[in-house]
Amino acid sequence: MATAPAPIEARSFEDLLLDFLAYLEFERGLSRNTLDAYRSDLLQYGAFLKRTGVRPLEADHAILTRFLTELANDVAPTTLQRKIACLRSFHRHLRREGVLEHDPTARLKGPRRSQKLPQVLNRAEVARLLAQPKGTDAAALRDRALLETMYACGLRASEATALELLDVDLEAGVLRARGKGSKERLVPIGRQAVAALRAYVSRGRPELVGVHDEARLFVNRRGAGLTRQGLYKIVQRHARGAGLEDRMSPHTLRHTFATHLLAGGCDLRSLQEMLGHADIATTQVYTHLSAERLKDSYFEAHPRALLGSRE
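I will try to describe carefully the structure that is included in this document. (Residues numbered from 1 in each chain as written. Predicted model: local features only at pLDDT ≥ 70, side-chain atom pairs only at ≥ 80, totals over all residues. Heavy atoms only, no water.)

1. Section: the overall build of the chain
When its secondary structure is counted, the chain shows 13 helices and three strands. Within the chain, the proportion of its 311 residues that are buried is 43%. Contacts in the chain between residues far apart in sequence, at least 24 positions, make up 55% of those at least 6 positions apart. For the chain, the exposed area adds up to about 17800 Å²; of that, 51% sits on carbon and sulfur atoms. (Helix = DSSP H or I, 4+ residues; strand = E, 2+ residues; numbered from the N terminus. Buried < 20%, exposed > 50% of the residue type's maximum accessible area, 1.4 Å probe, protein only. Contact = heavy atoms within 4.5 Å. Areas by Shrake-Rupley, 256 points an atom, 1.4 Å probe, with all protein chains shown as cover.)

Structure follows, in structure tokens:
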């Protein structure tokens, strides 16, 4: 005789968590790293509920506030903000599925987001960095193509290392990037990046790959696909040569790409598409960056502004 399913109010936290993670993976297509972060955050929340003797579906605004208050002394504001977003997503899912009648996170408030803006390079610094890979040996051709492509297309480090040879159409001047959650997007490639890629693909890559059957575009000296650690070392080596080692990481080129496009007149929606942001609010941080750079340029160049202070 089949066992009747447990009533909604009796479902365990583990059961609810697994159902939520399956939704995120199969319907939302979130990445493994994101799923692991959600699992970790919710297991921490589940342990709190068990310790306080509260059933998962009976947690209210006061219980959630108490949980977050306990965390606030031990984690950074950005981490706490992420955990709040996770709790909201979890309870909204339960509400959509009819498991909860009311969403206890509706009035939940977190810490103010940090207003610290990402580091970006100016045009002269970018030129200095891109001029670092010198010579015509295979490694120099690869490094030049890698840096040019990351700046020209605003790629994440993981997207650059995941590029395959067939993802790049040098005739059309476009590449296919695989972003978070395996979402693909097409990004234009600038002329200088196209030239650097042509030189690398025709002369540098064949020498590095040798007899290997390697699909990925950027490879190491052994002919295998470049890892994120390998990419980081390449970027840092050339940043040191340009005197920028304390100013940048691989992600700095992505921030710089976005800021320079906005300063040049690119609209926010187009930039969102090129960056692969799911939410335009994520892209809007670059409008602040662009405004800050415009103010700096004004106060450095305007003859009347130079006479007094910025106040």
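2. As for the side chain of arginine 156
Looking at the element boundaries, arginine 156 is found in the loop between helix 6 (138-153) and helix 7 (157-162). Take arginine 156: its relative accessible area is 10%, and that puts it in the buried class. Engagement of the side chain of arginine 156 in a polar contact is seen with the side chain of glutamate 159, the distance being 2.4 Å. Setting aside chain neighbours within four positions, we find arginine 156 in contact with Gly179, Lys180, Arg185, His251, Arg254, Leu275, Gly276 and His277. (Polar contact = N/O pair within 3.5 Å; in protein donor to acceptor, adjacent residues only side chain to side chain.)

3. Section: the packing of aromatic side chains
For the structure shown, the criterion picks out eight aromatic pairs. On the basis of an interplanar angle of 45 degrees and a centroid distance of 5.1 Å, the ring pair of phenylalanine 48 and phenylalanine 67 is categorised as tilted. Remark: phenylalanine 67 occurs in helix 3 (residues 61-72) and phenylalanine 48 occurs in helix 2 (residues 32-52); sequence separation between them is 19 residues. As far as burial versus exposure is concerned, phenylalanine 48 and phenylalanine 67 are alike and both buried. (Phe/Tyr/Trp six-rings, centres within 6.5 Å; stacked < 30°, edge-to-face > 60°.)

4. Remarks on the sheet that holds strand 2 (residues 174-178)
What the three strands build is an open sheet, ordered 1-2-3; its pairing is antiparallel. Pairing within the sheet leaves two strands with one partner each, and these edge strands are strand 1 (168-169) and strand 3 (184-188). Note that strand 2 and strand 3 share five bridges and pair antiparallel. Its bridge partner lying in strand 3, arginine 178 is registered against glutamate 184. (Pairing = 2+ DSSP bridges.)

5. Details of a positive patch on the surface
Taken together, the side chains of Arg28, Arg92, Arg96 and Lys183 make up a positively charged region of the molecular surface. Looking at where arginine 28 falls in the secondary structure, it is placed in the loop between helix 1 (13-26) and helix 2. (Patch = residues over 30% accessible without salt bridge, like charges linked within 9 Å, V, L, I, M, F, W, Y side chains within 5 Å. Salt bridge = Lys/Arg side-chain N within 4 Å of Asp/Glu carboxyl O. Lys, Arg positive; Asp, Glu negative; His and termini not counted. Charge placed at Lys NZ, Arg CZ, Asp CG, Glu CD.)

6. Notes on the nonpolar core
Among the nonpolar cores identified, the biggest contains 50 residues, and Leu175 and Phe218 are the most heavily contacted of them. For this core, the secondary-structure elements that each account for two or more residues are helix 5 (123-130), helix 6, helix 7, strand 2, helix 8 (191-209), helix 9 (228-241), helix 10 (250-263) and helix 11 (268-275). Once residues within four sequence positions are removed from consideration, leucine 175 is found in contact with Thr149, Cys153, Leu155, Leu163, Asp167, Val168, Arg185, Leu186, Val187 and Ile189. One finds Tyr23, Leu24, Phe90 and Val99 within the second-largest nonpolar core, a separate group that totals 30 residues. (Core = buried A, V, L, I, M, F, W, Y, C linked by side-chain atoms within 4.5 Å.)

7. A look at the packing of helix 3 against helix 4 (residues 77-96)
Contact geometry for helix 3 and helix 4: axes closest at 11 Å, N-to-C directions at 160 degrees. As judged from the angle between their axes, helix 3 and helix 4 are roughly antiparallel. In the packing of helix 3 onto helix 4, the handedness of the crossing is right-handed. Packed against helix 3, whose contacting residues are Leu64, Phe67, Leu68, Leu71 and Ala72, the element helix 4 presents Leu80, Lys83, Ile84, Leu87 and His91 at the interface. Per-class residue counts for the contact of helix 3 with helix 4 are eight nonpolar, one polar and one charged. (Axes fitted to C-alpha atoms, helices over the stretch in contact; angles between N-to-C directions. Parallel < 35°, antiparallel > 145°, perpendicular 65-115°, else oblique. Left-handed = near helix turned anticlockwise from the far one by under 90°. Nonpolar A, V, L, I, M, F, W, Y, C, P; charged D, E, K, R; others polar.)

8. Concerning the pattern of salt bridges
Tallied over the full model, the rule gives 17 salt bridges. Taken together, the shared-partner salt bridges in this structure form one network comprising Asp167, Arg176, Arg178 and Glu184.

9. Looking at the environment of leucine 271
Mapped onto the elements, leucine 271 comes out in helix 11. We classify leucine 271 as buried; its relative accessible area is 0%. Sequence separation of leucine 271 and glutamine 284 is 13 residues, and the distance between their C-alpha atoms is 9.6 Å.

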